[in-house]
Amino acid sequence: MPRGYFAYRNRSDNDTYVFNRNDCIDKGIISRFYPVFKPYDTDSDFLLMRLNNGLKRKLSLASEGTGQHVLSLKKFKNIQAPFPKIKEQKIIGCLFRVINNSIALQQKKLEQLKLLKKAMLQQLFPDKTGKLRSRFNGFTDVWEQRKLGELLEYEQPTKYLVNSTQYNDKYKIPVLTAGKTFLLGYTNEKSGIKKASKDKPVIIFDDFTTSSHYVGFPFKIKSSAMKLLSPTNNKWNVNFVFNVLKNIRYKPAGHERHWISKFSKLKVYVPNYDEQEKVGEFLSDFDNLIVLHQRKLGHLQLLKKFLLQKMFI
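The rules behind each value
- Residues numbered from 1 in each chain as written.
- Predicted model: local features only at pLDDT ≥ 70, side-chain atom pairs only at ≥ 80, totals over all residues.
- Heavy atoms only, no water.
- Axes fitted to C-alpha atoms, helices over the stretch in contact; angles between N-to-C directions.
- Helix = DSSP H or I, 4+ residues; strand = E, 2+ residues; numbered from the N terminus.
- Parallel < 35°, antiparallel > 145°, perpendicular 65-115°, else oblique.
- Contact = heavy atoms within 4.5 Å.
- Nonpolar A, V, L, I, M, F, W, Y, C, P; charged D, E, K, R; others polar.
- Buried < 20%, exposed > 50% of the residue type's maximum accessible area, 1.4 Å probe, protein only.
- Core = buried A, V, L, I, M, F, W, Y, C linked by side-chain atoms within 4.5 Å.
- Left-handed = near helix turned anticlockwise from the far one by under 90°.
- Pairing = 2+ DSSP bridges.
- Patch = residues over 30% accessible without salt bridge, like charges linked within 9 Å, V, L, I, M, F, W, Y side chains within 5 Å.
- Areas by Shrake-Rupley, 256 points an atom, 1.4 Å probe, with all protein chains shown as cover.
- Salt bridge = Lys/Arg side-chain N within 4 Å of Asp/Glu carboxyl O.
- Polar contact = N/O pair within 3.5 Å; in protein donor to acceptor, adjacent residues only side chain to side chain.
- Disulfide = S-S within 2.5 Å.

(A) Up close: the packing of helix α1 (residues 44-51) against helix α4 (residues 86-124). It is the contact of α1 with α4, at a shortest axis distance of 7 Å, that shows an interaxial angle of 75°. In terms of their interaxial angle, α1 and α4 are classed as roughly perpendicular. Contact residues: α1 offers D45, F46 and M49, while α4 offers Q89, I92, G93, F96, R97 and N100. Its residues assigned to classes, the contact of α1 with α4 comprises four nonpolar, three polar and two charged.

Okay, here's the thing in structure tokens:
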């Protein structure tokens, strides 16, 4: 498959066909299930966007078979669809090329920041033997071992459960989950709100997956399958302890509640409060930088979605 040629998988279970263009190599081998074609009398960038947006019904009608549908190259070539003149194609194609390049660049920056954060955690926290690779200047005290249950106490979340899932972005109180989704929506419920704040944050810990999030604002929750964690006393900095928790390498092997049975008993190393605060603030600033880049990426993706809806759908 030469550079600049298009290909798509001609078999689909849901009548969805994704078109790709070879922008990587001059020559390559591709499966016989991927018809290959070269565009002519049309702008290549525009064609790529046009094929992947707004033509699903036409592609579906041209496909054949029951169960797994097949869209042959012959059938595909006979599909008729409106196209603007080549001059307009080039303008639209150039616009989406710029947006796609910006999204790719932002994704790369975000991944690099996440990798850098991972490297920072390895440098700033002791290994299994308690040896530190790096420290901030002025700190020399030995880190001591403590059980996580000594650092964090838990609260059952039952009284903070949301009653209705009729979420609306116009409401003020976020509804959270400890999983990857994190923010499920917003509710207008007035009672049963967890009064977290910047001065009194909490950690929501998924009791089954062991994922966790740092929360410094009032919220409600959807599921009771979590623990709300906070420091047992003022000797422990919550920013620091949260990153200790995130730095634990553990993969759940079964569907069980992990905080009481496993995590509360795990031993970790902690320094004095001043060093905890220094490390915690540094990593918190780094997390804020990651969130900023995530928002930039989200805005670019929303802009692309808006333009696609206006131009192709």
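After that view, the rundown keeps rolling.
(B) Representation of the side chain of S212 within the structure. Mapped onto the fold, S212 is located in strand β11 (residues 212-215). Among the residues examined, S212 registers a relative accessible area of 3% and is labelled buried. If sequence neighbours within four positions are ignored, S212 has contacts with A178, I203, I204, F205, F242, L245 and K246.

(C) Seen up close, the nonpolar core. Among the nonpolar cores identified, the biggest contains 24 residues, and F125, L148, L151, F240, L245 and W259 are the most heavily contacted of them. Contributions of two or more residues to this core are made by α4, α5 (148-151), β10 (202-206), α6 (238-246), β14 (267-270) and α8 (273-312). A per-element tally of this core places α6 first, with six residues. In this view, L151 contacts R146, S230, P231, T232, W236, V241, V268 and V270; residues no more than four positions away in its chain are not counted. Residues I92, F96, I99 and I103 belong to the second largest nonpolar core, which totals 14 residues.

(D) Geometry of the packing of α4 against α8. Two numbers describe how α4 lies on α8: the axes approach to 10 Å, and their chain directions differ by 160°. Of the possible angle classes, the one that applies to α4 and α8 is roughly antiparallel. Between α4 and α8 the crossing geometry is left-handed. Taken together, the residues of the contact of α4 with α8 sort by class into 24 nonpolar, seven polar and six charged.

(E) Looking closely at the sheet that holds β10. Here four strands make up an open sheet; going across it, the order is β7-β13-β10-β11 and the pairing antiparallel. The open sheet is flanked by β7 (152-155) and β11, the only strands paired with a single partner. Each strand axis lies, on average, 30° off the axis of its neighbour in the sheet, ignoring direction. As paired strands, β10 and strand β13 (residues 226-231) are joined by four bridges and run antiparallel to one another. Note that in β13 the partner of I203 across the bridge is L229. Those strands touched by α6 are β7, β10, β11 and β13, and its axis lies near 165° from that of β11.

(F) Structural context of the sheet that holds strand β8 (residues 173-176). Strand order across the open sheet formed by three strands is β9-β8-β12, with mixed pairing between neighbours. Lying at the two open borders of the sheet, with one neighbouring strand each, are β9 (183-187) and β12 (220-221). Taken together, the four bridges between β8 and β9 define a ladder with antiparallel strand orientation. When the bridges of β9 are listed, V175 appears paired with G185.

(G) Geometry of the environment of S230. Within the secondary structure layout, S230 lies in strand β13. In sequence terms S230 and L110 are 120 residues apart; their C-alpha atoms lie 29 Å from each other. Setting aside residues no more than four positions away along its own chain, S230 makes contact with L151, L152 and E153.

(H) Examining unusual backbone geometry more closely. Backbone geometry at D41 places phi at a positive 55°, although glycine is not the residue there. In this structure D41 comes out as exposed when scored by relative accessible area, which is 72%. The phi torsion at T210 lies on the positive side, around 70°, for a residue other than glycine. As for its placement among the helices and strands, T210 is situated in the loop between β10 and β11.

(I) Main features of a nonpolar patch on the surface. Side chains of I30, Y34 and V36 sit close together on the surface and give an oily, nonpolar patch of about 200 Å² of accessible area. Relative to the helices and strands, Y34 resides in the loop between β3 (19-21) and β4 (36-37). Under the relative-accessibility criterion, Y34 is labelled partly exposed at 32%.

(J) Quick look at α1. Counted residue by residue, α1 has seven buried out of eight residues, so it is predominantly covered. When α1 is considered as a whole, its buried residues turn out to be D45, F46, L47, L48, M49, R50 and L51. The backbone nitrogen of D45 lies 3.2 Å from a side-chain oxygen of the residue at the head of α1, namely D43.

(K) Quick look at the environment of I91. Relative to the helices and strands, I91 is located in helix α4. Spatially, the C-alpha atom of I91 lies 8.5 Å from that of F46, the residues being 45 residues apart in sequence.

(L) View of the state of the cysteines. In total, this model carries zero disulfides according to the counting rule given. C94 provides the cysteine sulfur closest to C24, a residue in no disulfide bond, and the two sulfurs are 20 Å apart.

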